[in-house]
Amino acid sequence: MARFHLKSALNEIFNVYPVGFIGVGLIGIMSCIALLATDRKDVPAPAKTPAEEKATFQLESGFKIQLVASEPMIQAPVVVTFDEDGRLWVVEMRGFMPTIDGDGEEKPVGRISVLEDKNGDGTMDHSTVFLDNLVMPRAIALVKGGALVAANNSLWFAQDLDGNLKAESKILIDSTYARNGLPEHTDNGLMRNSDNLYYNAKSRLRYRFTDGKWLRDSTEFRGQWGMTHDDEGRLYYNYNWSQLHGDLVPPNYLSRNKNHTPTTGIDHGFTIDRRVYPIRPNPAVNRGYIPGTLDASGRLLEFTAACSPTVLRGGVFPKEYDGNVFVCEPSGNLVKRNVVEKKGFMISARDPHPGKEFLASTDERFRPVALTVGPDGALYMADMYRGLIQHGAYVTPYLREQTLTRKLMQPVNRGRIWRIVPTHWTPTKPKKLSKASSAELVALLSHSDGWQRDMAQRLLVERNDKQSVALLTDLAQNGPNPLGRFHALWTLDGLQSTSPDLLFTLLTDQSPLISSTALRLLEPLAKKEAAARTKLHRVLLQNWEKAAPEQVLQIALSAYVLEPGAAQQLLADISERYITFPLMRDAVMSSLYNHEFIFLEALLKSSKWQNQQPDKEIFLEMLTTAIVRKRDTKEMSALLTMLNVDKASFGWQQKTLLTAMAIQGKNRKLKPIQLSEAPPLFARTDMEPLQKTRLQTLSALFEWPGHVAQASAAQQSLLNDEQQQQFALGRQHYLTTCAGCHGSDGAGLSRFGPPLIESSWVLGDEKRLALIVLHGMEGPLDVAGKLYDVPDILPIMPSHSTMDDGAIMAILMYIRNEWGNNAGPVSRGLVGKTRHTSQGRVIPWTAKELNQYMVDTKPTASGQK
């Protein structure tokens, strides 16, 4: 059997993947041999009873884990949530991978069950099937009169008409809720946020119940499986390869300006830490044959199935756990804990105990796939409990063999719900909030537990009890707890009963959270009424300089509702003070839609913008790019006039504008702007060589009598239309991510980063460059014959592994073809393949290590080492 496994693993590496992707060499063979040793230790891996599985858990000190429910009461749980009376609702994806080939997944065997603990001992002892005959159900949101249910790619409202916890009818809400039927890559979540909207992962959709109807709205794309929010309504999510992402700003702000592509704020990676620490070998992971996926003992090295991030908001855990985010990793049989740290408007996360997870198991079938916090403040976990967790569409021959040979396929009719609590915790009977008065619910908005606050807000909004408005208004204005006041404001908004006078009063509140929330809620009024806009501008102008950074960020986001002149005055001041922050630059841009040219003109004339500064160059380039994308003939002609100054006056501002325009000139999908005559700028003969080249590229944006827009011969031979678009996008990402160290011109910055111009690290092997961007690098480093090391450059270039493949691909396309670099296009799929084949790399490369890695993994002519 050992020889059979080795042959299978090597055959897949050599034959399944294309030549040039993987060269195994000694590293690959040793990995396979290590895997064989793992196989011998772990064959078989029989299913355990809940009691036996419990004995396999290693849990952080001070906590205990308790069984809440198991088969046959439930099977294949993928989502768990609690209702207002403390009942546990479980989405059971019973049809998931019944066989190794997924035969029968289309059958309607899924269901939603409601579990109750009738005797109060902490264990569920009663089950009611709310809804069955479902095809692959994946999400649920409890709402008045029933539940929103996502199943078979559609969204339904399942109604419980008589309160017996059984759905009597299903109403189709959205037949196009999901675009993809594969469970790992389709819409899910249905998470209600503090703004009273329901958000989804792997989706651009959100929903709201208004005037008796469910309304669909669009939002930014987020995440893969599972979604959560913190006390202030920030959205958190993740991807199977990157454990914790989220939004630094409220939804739908940064994406408003169609002339600008934001590169910060949404889908922000809170940590680059991908390392996991299983306590058992994990041979049955999909890419276990790739060197670096498993360590020498066969244990998973980094996240490969991260899902269901959950913020702990109060509850029964010790105070230091408040705000922590827990992430499931079913492939590694563990749950990771992240400590979240906030500084101004920025957020980061870290592992408090590297080397040891919050929860891990030696049972290979322990599959934590969902987390939630209950009304008791405990952390609840859905354990799908099965051998194969990978969907059939992605099962490699290697994993197929692992699963069948080691008898991991069956049984599939298991499932457990676990509860994690402090050691001395004892269960209490939940209160029935459905029976609580409106006054009691208003009081709960200030509860120390986030679950209680969220549920009270939801119930108050659904009741639509106008008699609660006075209580809510008093709480919002005078409550001692900022979080209670925050929920009171959003509850009033949900009831459509917010008072403008209240909001204007709270604009200057000492709490940044309350002030920012009041500003958000004032936006609709300011859009409609000129008097409100005038008053809002006056208050903001008087107070922004002494406001906290997070308040200023919201002011920049909300300034779009002001009169254009007033908004630009305010935004110019904010830009000057916060120009070094990429997020603030994006926020300002979001409020300048179609007013970028006037704003640019003002900055160029301002005395504060005459001194050259890298961050000012970046912002001017962002404004210019937006103007080009707007395609207004008058504004574009004016830009050309700005550039047509005498040689002595052609300074850093003009060079910045020309660079931005030339970059867009390479995007051949932009329709040329028609001019009545040739601009004098293009007849200039006194420009420097680099500026002449940029002017030639820029001319592709225009047509006039005798001139047809076309790319230069060099451009045509190197990058096609799609690649030119990636090139232009790469410039935007480069400015945000890379220019701070390498300079906007790629020449490097003293004490930060080496030059990228004519660098063999940039122009050489594209895979090596992708490895540097993905995992980072530390000096010393030889660039064009010069050795760079501390203090010439920073000691470490950080990893950018939280960026998606498309963003990294665009950066590579850009830096390999700018500033005289002419490396040509980057191979399609390069970043994704490199990310997979370098799994397990969790520290920056040194030059020596990276070059040796390239030698070890270089394929021969036959594709083998």
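Residues numbered from 1 in each chain as written. Predicted model: local features only at pLDDT ≥ 70, side-chain atom pairs only at ≥ 80, totals over all residues. Heavy atoms only, no water.

J.: Hey, could you go over the packing of aromatic side chains for me, with residue numbers and the actual values?
T.: On inspection of all chains with the given rule, the structure shows 28 aromatic pairs. Centroid distance Phe82 to Tyr380: 4.7 Å. Interplanar angle 65°. Geometry classified as edge-to-face. Here the residue Phe82 occupies a position in strand E3 (residues 77-82), and Tyr380 occupies one in strand E25 (residues 379-383), the gap between them amounting to 298 residues. Put simply, the rings of Phe63, Phe317, Tyr321, Phe326 and Phe358 touch in pairs and so form one group of aromatic residues. The lysine or arginine in question, Lys170, covers the ring of Trp156, its NZ or CZ lying 4.2 Å from the ring centre. The aromatic ring of Tyr560 is capped on one face by Arg256, whose charged end is 3.9 Å from the ring centroid. (Phe/Tyr/Trp six-rings, centres within 6.5 Å; stacked < 30°, edge-to-face > 60°. Helix = DSSP H or I, 4+ residues; strand = E, 2+ residues; numbered from the N terminus. Lys NZ or Arg CZ within 6 Å of the ring centre and 35° of its normal.)

J.: Provide a residue-level description of the nonpolar core, including the pertinent values.
T.: Phe358, Leu359, Leu536, Ile574, Phe619 and Phe702 are the most contacted members of the largest nonpolar core, which totals 230 residues. If we skip the residues at most four places from it in the chain, Phe619 touches Ser575, Ile579, Arg585, Val588, Met589, Phe599, Leu603 and Trp609. Ala139, Ala150, Leu155 and Tyr177 belong to the second largest nonpolar core, which has 14 residues in total. (Core = buried A, V, L, I, M, F, W, Y, C linked by side-chain atoms within 4.5 Å. Buried < 20%, exposed > 50% of the residue type's maximum accessible area, 1.4 Å probe, protein only. Contact = heavy atoms within 4.5 Å.)

J.: I'd like a rundown of the side chain of Arg192, residues and numbers included.
T.: By the element assignment, Arg192 lies in strand E11 (residues 188-192). Within the buried core, Arg192 has no salt-bridge partner, and the shortest N-O distance to an opposite charge, that of Glu462, equals 4.8 Å. One polar contact links Arg192 to Asn196, side chain to side chain, over a distance of 2.9 Å. Side-chain polar atoms of Arg192 contact the side chain of Tyr198, separated by 2.9 Å. Those residues in contact with Arg192 that sit more than four places away from it in its chain are Leu197, Tyr198, His229, Arg458 and Val461. (Lys, Arg positive; Asp, Glu negative; His and termini not counted. Salt bridge = Lys/Arg side-chain N within 4 Å of Asp/Glu carboxyl O. Polar contact = N/O pair within 3.5 Å; in protein donor to acceptor, adjacent residues only side chain to side chain.)

J.: Could you give me a rundown of the sheet that holds strand E7 (residues 139-143), with the residues and numbers involved?
T.: Across the sheet, four strands lie side by side as E7-E8-E9-E10; this open sheet has antiparallel pairing. Of all the strands in the sheet, the pair left with one neighbour each is E7 and strand E10 (169-174). The mean inter-strand angle of the sheet, taken between neighbouring strand axes irrespective of direction, is 25°. When strand E9 (residues 154-159) meets E10, the two strands line up antiparallel, connected through five bridges. Counterpart to Phe157 in the pairing with E10 is Ile171. (Pairing = 2+ DSSP bridges. Axes fitted to C-alpha atoms, helices over the stretch in contact; angles between N-to-C directions.)

J.: Kindly report on unusual backbone geometry, identifying the contributing residues and their values.
T.: The linkage connecting Glu71 with the following residue, Pro72, adopts the cis geometry, with an omega of 5°. By the element assignment, Pro72 lies in the loop between strand E2 (63-70) and E3. Looking along the chain, the bond that leaves Gln410 and enters Pro411 is cis, with omega of 0°. Tracing the backbone through its elements, the reader meets Pro411 in the loop between helix H4 (397-405) and strand E26 (416-422). One non-glycine residue with positive phi stands out, namely Leu190, at about 50°. Positionally, Leu190 belongs in strand E11. For Asn594, which is not a glycine, the phi torsion comes out positive at approximately 65°. Mapped onto the elements, Asn594 comes out in the loop between helix H14 (582-590) and helix H15 (596-605).

J.: Please provide a residue-by-residue account of the packing of helix H24 (residues 766-775) against helix H26 (residues 830-837), values included.
T.: Between H24 and H26, the shortest axis-to-axis distance is 10 Å and the interhelical angle comes to 65°. The orientation of H24 relative to H26 falls into the category roughly perpendicular. The handedness of the crossing between H24 and H26 comes out as right-handed. Taking contact as the criterion, the partners of Glu766, Lys767, Ala770, Leu771 and Leu774 in H24 are, on H26, Leu830, Val831, Thr834 and Arg835. (Parallel < 35°, antiparallel > 145°, perpendicular 65-115°, else oblique. Left-handed = near helix turned anticlockwise from the far one by under 90°.)

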